[in-house]
Amino acid sequence: MTFKQYLYYLFVIMKWHKGLFHDIENNLKEQYYTNKEVLVPPRKSVIFMVDGRSIHGGLADRIRGICSVYALCIKNNWDFKIYFNYPFPLTDYLIPNKYNWEISSDKIIYNNKLCAPVLLNSYQLPTIFHNIYLQKEMIGKKQLHVYSESPWAEEQFSNIFNILFRPSEKLQKDIDKILNQIGFDYVSATFRFQQLLGDFKEGNYPTLSKSEQEILINECIKQLYRLHQQQPQYKILVTADSSTFLNKISSFDFLYIIPGNVVHMDYTNNATFNVYEKSFLDYFLIANAQKVHLFYNEKMYKSGFAKQAAKIYNRPYHEIKF
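Computed from a predicted model, the values in this text were never measured in an experiment.

1. Examining the sheet that holds strand β7 (residues 186-191)
Reading across the sheet, the 5 strands line up as β9-β8-β7-β10-β11 and stay open at both edges, with parallel pairing between neighbours. Because the sheet does not close on itself, it has two edges, and the strands there are β9 (255-257) and β11 (317-321). Across the sheet, the axes of successive neighbouring strands diverge by a mean angle of 25°, strand direction being ignored. Pairing between β7 and strand β10 (residues 292-296): 4 bridges, direction parallel. Bridging across to β10, Phe 191 finds its partner in Phe 295. Each of β7, β8 (235-240) and β10 is contacted by helix α9 (residues 273-287), which is oriented at about 145° to β8, the strand it contacts most. Contacts from helix α10 (residues 305-312) reach β7, β10 and β11 within the one sheet, and its direction differs from that of β11 by about 165°.

2. Things to note about the side chain of Gln 213
Looking at the secondary structure, you find Gln 213 in helix α7 (residues 210-230). Sequence-distant contacts of Gln 213, that is, excluding residues within four places in its chain, are made with Leu 196, Leu 197, Gly 198, Thr 207 and Leu 208.

3. Thoughts on the side chain of Thr 190
With respect to the helices and strands, the residue Thr 190 is situated in strand β7. At a separation of 2.8 Å, a polar atom in the side chain of Thr 190 contacts the side chain of Thr 239. Each residue touching Thr 190, except ones within four places of it in the same chain, is listed here: Thr 239, Ile 286, His 293, Leu 294, Phe 295 and Ala 306.

4. So, the packing of helix α6 (residues 169-182) against α9
Following both chains from N to C, one finds α6 and α9 inclined at 60°, their axes separated by 10 Å at the closest point. Here α6 is positioned oblique relative to α9, judged by the angle of their axes. In the crossing of α6 with α9, the sense of the turn from one axis to the other is right-handed. Contacts between α6 and α9 involve Lys 170, Leu 171, Asp 174, Ile 175, Ile 178 and Leu 179 from the first element and Phe 273, Asn 274, Glu 277, Phe 280, Leu 281, Phe 284 and Leu 285 from the second. When grouped by side-chain class, the residues that make up the contact of α6 with α9 number 9 nonpolar, 1 polar and 3 charged.

5. With respect to the pattern of salt bridges
As enumerated under the stated definition, the model contains 12 salt bridges in all. A salt bridge links Glu 149 to Arg 64; the shortest N-O distance between them is 3.0 Å. With Glu 149 in the loop between β5 (143-148) and α5 (157-164) and Arg 64 in helix α3 (residues 59-76), this pair connects stretches of sequence that are 85 residues apart. With respect to burial, Glu 149 and Arg 64 carry one shared label: buried. Note that Glu 137 is salt-bridged to Lys 136, the shortest N-O span being 2.5 Å. For Glu 137, a relative accessible area of 13% translates into the label buried. With a relative accessible area of 16%, Lys 136 lands in the buried category.

6. Considerations on the state of the cysteines
Counting across every chain of the model gives 0 disulfides. Looking at Cys 67, it has no disulfide partner, and the nearest cysteine sulfur is the one in Cys 73, 12 Å off. Among the residues examined, Cys 67 registers a relative accessible area of 1% and is labelled buried. You can call Cys 73 buried: its relative accessible area is 0%.

What counts as what
- Residues numbered from 1 in each chain as written.
- Predicted model: local features only at pLDDT ≥ 70, side-chain atom pairs only at ≥ 80, totals over all residues.
- Heavy atoms only, no water.
- Pairing = 2+ DSSP bridges.
- Helix = DSSP H or I, 4+ residues; strand = E, 2+ residues; numbered from the N terminus.
- Axes fitted to C-alpha atoms, helices over the stretch in contact; angles between N-to-C directions.
- Contact = heavy atoms within 4.5 Å.
- Polar contact = N/O pair within 3.5 Å; in protein donor to acceptor, adjacent residues only side chain to side chain.
- Parallel < 35°, antiparallel > 145°, perpendicular 65-115°, else oblique.
- Left-handed = near helix turned anticlockwise from the far one by under 90°.
- Nonpolar A, V, L, I, M, F, W, Y, C, P; charged D, E, K, R; others polar.
- Salt bridge = Lys/Arg side-chain N within 4 Å of Asp/Glu carboxyl O.
- Buried < 20%, exposed > 50% of the residue type's maximum accessible area, 1.4 Å probe, protein only.
- Disulfide = S-S within 2.5 Å.

And the structure:
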């Protein structure tokens, strides 16, 4: 990047930042940051924050952001840590693999002069500006607290994910149990309904009438039969955010459904270990499929969950719009 390009990007960021980040970041500063004197950290560091003080997105959003911010820290020679305690400790499910990203709460400083909260999202700022924006925010600071779903490191996702994470002992045991039940030759099919079938509350998304729900469910079942006819040698692992849909197809002998209900992590903050584990099981079981499929239509949400899971072990990924 030339110096002239750098100045141009900086100008764009400063202009963009005023309306999109400023109010939210200032609100965080006013609530949680003080002028209290603290020990100055020896190195500049970035802490990826999942603490319930902002909207964090679902599991895939959080993991994508973590991997991107890690890559940005490596690029800039900053220390990288993850503080993930909402609505559960991340280490219940994922633990450090080749890089120690854990940090205790007493190592996080909230001095206004030394640190700052930073929002880094592609829907608020184009991804091309994410690195220079972090560099700008780090000027004069020792610690940044980043809230992000940035896709900046999308092409490096598999490598970074496997540097940062491996399943906890309990999660790995449960993954292995399901793999033994389903067998190792299977494909996956993912459906994302949001509130269409009325299963749970998620934002302000629409809910279909009962008759419209039946039509949509039957259309999705047709897609599963078609996939089975095309690849009869494989069992099909079906993941979805709708218990209504999963219950409807639970008796089909060519399908496998992981037990449990899916919840959205931003809207459910007091569930049990097993409830949250369902999202991680879906994630890793999709990652282990021979082929990964996402089914969607104009009413449904084109989720990135299955695509991201496929990248963990570089599985073939297909999108089917019907």
